[in-house]
Amino acid sequence: MSKPLNILFVSSEVEPFAKTGGLADVSSALPQAIKEVGHEVRLLMPKYRSVDERKYRLHDVLRLKEIVIPLGRKVERASVKSCILTNTKSKIQVYFLSNQSLFDRNGLYVHPESRRDYEDNDERFIFLCRGTLETLKRLGWQPDIIHCNDWQTGLIPVYVKTLYRQDSLFSRVRTVFTIHNMAYQGTFPRAAFEKTQLPPELFSPEGVEFYGNLNFLKAALMYADAITTVSERYAEEISTSDEFGSGLSGVLQKRKADLTGILNGIDYAVWNPEVDNLIAQKFDIKNLEGKAQNKFELLRRFKLPYDESTPLIGMISRLADQKGFDLIQSIADELLQRKLQLVVLGTGEKRYEDFFLSLQKCYSAKVGIYLGFNNELAHLIEAGSDMFLMPSRYEPCGLNQMYSLRYGTIPIVRATGGLDDTIEDYDPVTGSGTGFKFRSYDPTDLLTAIDRALELFQDKPAWRRMMKQGMMKDFSWEASAKKYVTLYRNLLRH
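Nothing here was measured: the structure is a model prediction, and the numbers come from that model.

## Re the overall build of the chain
Part 1 of the argument: Secondary structure summary: the chain contains 18 helices and 19 strands in total.
Part 2 of the argument: Radius of gyration (C-alpha) of the chain: 23 Å, near the 23 Å computed for a compact globule of 494 residues.
Part 3 of the argument: Expressed as lengths along the three principal axes of its C-alpha atoms, the size of the chain is roughly 65 × 45 × 45 Å.
Part 4 of the argument: The buried share of the chain, taken over its 494 residues, is 60%.
Part 5 of the argument: Relative to all contacts within the chain whose residues are 6 or more apart in sequence, the contacts with residues 24 or more apart total 71%.
Part 6 of the argument: Only carbon and sulfur atoms are counted for the fraction: they give 48% of the accessible area of the chain, which is about 20,500 Å².
Part 7 of the argument: Of the charged side chains in the chain, 65 are positive and 63 negative; the average position of the first set lies 5 Å away from that of the second.

What follows is the structure, given as structure tokens:
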């Protein structure tokens, strides 16, 4: 039997401690799934203001009371706190890299008021990357794998192969870098490179430089031992199309042999109508009656009239171009002439926030909008909606379409990235399928897909059959975890 691996999982956000999106969900669920298949996994993230020390019982790691981390010509000091992340099956130690001036703020990456990136995000995440390795040195714990996630951790593979390569602690360490979204790259002016203290020759097109800037994501793509992303289709898209690759498809093409798409899973201990304590009425595939009660409660929350025969479309999303809101804007008035209701939970670009507020004003009996994030409401939207809309321009994996399937909520999606990998288009001849897909990024095609769904909704036996086909799908984390472990072992073998 193979010996268990030691894995350090580094992420800038982890549920339940800090979250802006799906990265936090993955960074919580995947390490737990890997632990459950028999490996030692520890987590490391920044200690943000939002991390409640009392609630999560954080304690100081005494031998990590003060770590000195250079940032160019100045130094910053870190301390490390810790707690245990517990679920029903596993316990994982979480380390929090703490520095008040860098991380004790209201937002994770942006000013909550101005919604602009913090000006010192380069320093904050250079600090995280180098601080990760300094923490390991002080702990004396040697991982086999350091698994890095998104641009905020992108310099870790570079440091392992340069400044820390002579350190015996890191001589056998392999790095894995997961791209959760190619569009976010961590690009900073050249002056940021000086703060890294990396060898000057690395600031070149063959290194970490990208059009005269330091690019954290490119750095990871150049230096990580293996690169993964969160669906097979997205791996293909980002390495073959410059639109999806956001300028870095050429780099990925060169490293194609080291790029793997592994579909994210979802946590059925959290997203499952049989056990969900956040919804109005639990239900399952054998007893779907509770879904109507959730629809009633969801509409009540949004102060919309309830009519069982009127289909309800739900959305939970960042309000951004990536998510297809320009398409929705193009068809909104035509769409709302149809017999349907729409509820939206999200926050993002002001123009889309204003658009939905005006839509709600014009169609007060049909449209409900909640600007912000509310976890309880997110669960209720999944449970109470008849359909779930995700018309994304691109979607690395997407989680909500998989949540929707388990709640008997039919997804309407664009055939891109993980949406294409996880949803099977409805076939009116055979009755097979779990949702409705459209291919071209075009408002007419989106409207056609919605109309197909609205038409099937009128055929109650066919609709119920489709709900059950979706509810039977299994996107649990175990399969993904085993694929990652295979990847880790292959890296260490070679």
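Having seen the model, we can carry on.
## Re the nonpolar core
Part 1 of the argument: Residues Phe17, Ile146 and Leu221 are the most contacted members of the largest nonpolar core, which totals 99 residues.
Part 2 of the argument: Sort the elements by how many residues they give to this core and helix α3 (residues 121–139) lands first, with 8 residues.
Part 3 of the argument: When sequence neighbours within four positions are dropped, the list of residues in contact with Ile146 reads Leu8, Val10, Leu133, Leu136, Ile156, Val160, Val173, Arg174, Thr175 and Val176.

## A word on the sheet that holds strand β10 (residues 209–210)
Part 1 of the argument: A sheet is described by the order of its strands in space; here 3 strands give the open sequence β9-β11-β10, paired in antiparallel fashion. Sheet topology places β9 (187–188) and β10 at the edges, where each strand pairs with a single neighbour.
Part 2 of the argument: Here 2 bridges tie β9 to strand β11 (residues 213–215), and the two strands are oriented antiparallel to one another. Residue pairing across strands places Thr187 opposite Asn215, the latter belonging to β11.
Part 3 of the argument: Sitting on the sheet, helix α6 (residues 216–223) touches β9, β10 and β11, and the angle it makes with β11 is about 60 degrees.

## Digging into unusual backbone geometry
Part 1 of the argument: Residues Glu15 and Pro16 are joined by a peptide bond in cis, for which omega reads 15 degrees.
Part 2 of the argument: Note that Pro16 resides in the loop between β1 (6–10) and α1 (22–36).
Part 3 of the argument: One non-glycine residue, Arg57, adopts positive backbone phi at about 55 degrees.
Part 4 of the argument: In this structure, Arg57 sits in the loop between β2 (40–46) and β3 (59–60).

## Here we look at the packing of helix α11 (residues 325–335) against helix α12 (residues 350–362)
Part 1 of the argument: Their axes nearest at 11 Å, the elements α11 and α12 cross at an angle of 30 degrees. Comparing the axis directions of α11 and α12 gives the class roughly parallel. Seen along the crossing, α11 lies across α12 with a hand that is left-handed. Across the interface between the two elements, Phe325, Asp326, Ile328, Gln329 and Ala332 from α11 touch Tyr352, Phe355, Phe356 and Leu359 from α12.
Part 2 of the argument: Residues belonging to the contact of α11 with α12 are distributed by class as follows: 7 nonpolar, 1 polar and 1 charged.

## What about the side chain of Ser249?
Part 1 of the argument: By the secondary structure assignment, Ser249 is in helix α9 (residues 249–254).
Part 2 of the argument: A relative accessible area of 11% places Ser249 in the buried class.
Part 3 of the argument: Aside from chain neighbours lying at most four places away, what touches Ser249 is Ile238, Ser239, Ser241 and Asp242.

## What about the pattern of salt bridges?
Part 1 of the argument: Counted by the stated rule, this structure contains 33 salt bridges.
Part 2 of the argument: Asp104 is the salt-bridge partner of Arg49, the closest N and O atoms lying 2.9 Å from each other. Placement of the pair is Arg49 in the loop between β2 and β3 and Asp104 in the loop between α2 (100–103) and α3, with a sequence separation of 55 residues.
Part 3 of the argument: Residue classification places Arg49 among the partly exposed residues on the basis of a relative accessible area of 41%.
Part 4 of the argument: On the accessibility criterion, Asp104 (29% relative accessible area) is partly exposed.
Part 5 of the argument: A single salt-bridge network, built from bridges that share partners, covers Arg233, Glu237, Asp420, Lys437 and Arg439.

## Brief notes about the sheet that holds strand β16 (residues 367–371)
Part 1 of the argument: As summarised here, the arrangement of the 6 strands in space is β16-β15-β14-β17-β18-β19, forming an open sheet in which the pairing is parallel. Both outer strands of the open sheet, β16 and β19 (436–438), are each paired with one neighbouring strand and no more. Between one strand and the next, the sheet's axes are offset by a mean angle of 15 degrees, whatever the strand orientation.
Part 2 of the argument: Sheet topology places strand β15 (residues 341–348) next to β16; 5 bridges connect them, and they run parallel. Across the sheet, residue Leu345 finds its bridge partner in β16, namely Tyr370.
Part 3 of the argument: Seen against the sheet, α12 touches β14 (312–319), β15 and β16 and runs at an angle of roughly 145 degrees to β16.
Part 4 of the argument: Running over the sheet, helix α16 (residues 443–457) touches β14, β17 (387–390), β18 (410–414) and β19 and is turned about 165 degrees from β19.

## Brief notes about the state of the cysteines
Part 1 of the argument: Tallying each qualifying case throughout the model produces 0 disulfides.
Part 2 of the argument: With no disulfide partner, Cys129 has as its closest neighbouring cysteine sulfur the one in Cys148, 7.3 Å distant.
Part 3 of the argument: Overall, Cys129 belongs to the buried group, its relative accessible area being 0%.
Part 4 of the argument: With a relative accessible area of 0%, Cys148 lands in the buried category.

## Overview of the packing of helix α10 (residues 289–301) against helix α13 (residues 375–384)
Part 1 of the argument: Closest axis-to-axis distance for the α10/α13 pair is 8 Å, and the angle between their directions is 130 degrees. In terms of orientation, α10 and α13 fall into the oblique class. Handedness of the α10/α13 crossing: left-handed. Taking contact as the criterion, the partners of Lys291, Asn294, Lys295, Glu297, Leu298 and Arg301 in α10 are, on α13, Glu376, Leu377, Leu380, Ile381, Glu382, Ala383 and Gly384.
Part 2 of the argument: Residues that form the contact of α10 with α13 fall into these classes: 5 nonpolar, 2 polar and 6 charged.

## Points about the pairing of β15
Part 1 of the argument: Judged by how many residues are buried, β15 sits mostly within the fold: 6 of 8 residues are covered.
Part 2 of the argument: Bridge analysis of β14 against β15 gives 8 bridges, and the strand direction is parallel. Following the sheet pairing, Leu312 is matched in β15 by Gln341.
Part 3 of the argument: Read from β14 through α11 to β15, the crossover connection turns out right-handed.
Part 4 of the argument: Taking the sense of rotation as the criterion, the β-α-β connection linking β15, α12 and β16 turns out right-handed.

Conventions and cut-offs
Residues numbered from 1 in each chain as written. Predicted model: local features only at pLDDT ≥ 70, side-chain atom pairs only at ≥ 80, totals over all residues. Heavy atoms only, no water. Helix = DSSP H or I, 4+ residues; strand = E, 2+ residues; numbered from the N terminus. Rg over C-alpha atoms; globule rule 2.2 N^0.38 Å. Buried < 20%, exposed > 50% of the residue type's maximum accessible area, 1.4 Å probe, protein only. Contact = heavy atoms within 4.5 Å. Areas by Shrake-Rupley, 256 points an atom, 1.4 Å probe, with all protein chains shown as cover. Lys, Arg positive; Asp, Glu negative; His and termini not counted. Charge placed at Lys NZ, Arg CZ, Asp CG, Glu CD. Core = buried A, V, L, I, M, F, W, Y, C linked by side-chain atoms within 4.5 Å. Pairing = 2+ DSSP bridges. Axes fitted to C-alpha atoms, helices over the stretch in contact; angles between N-to-C directions. Parallel < 35°, antiparallel > 145°, perpendicular 65-115°, else oblique. Left-handed = near helix turned anticlockwise from the far one by under 90°. Nonpolar A, V, L, I, M, F, W, Y, C, P; charged D, E, K, R; others polar. Salt bridge = Lys/Arg side-chain N within 4 Å of Asp/Glu carboxyl O. Disulfide = S-S within 2.5 Å. Right-handed = clockwise from strand over helix to strand, strands pointing away.

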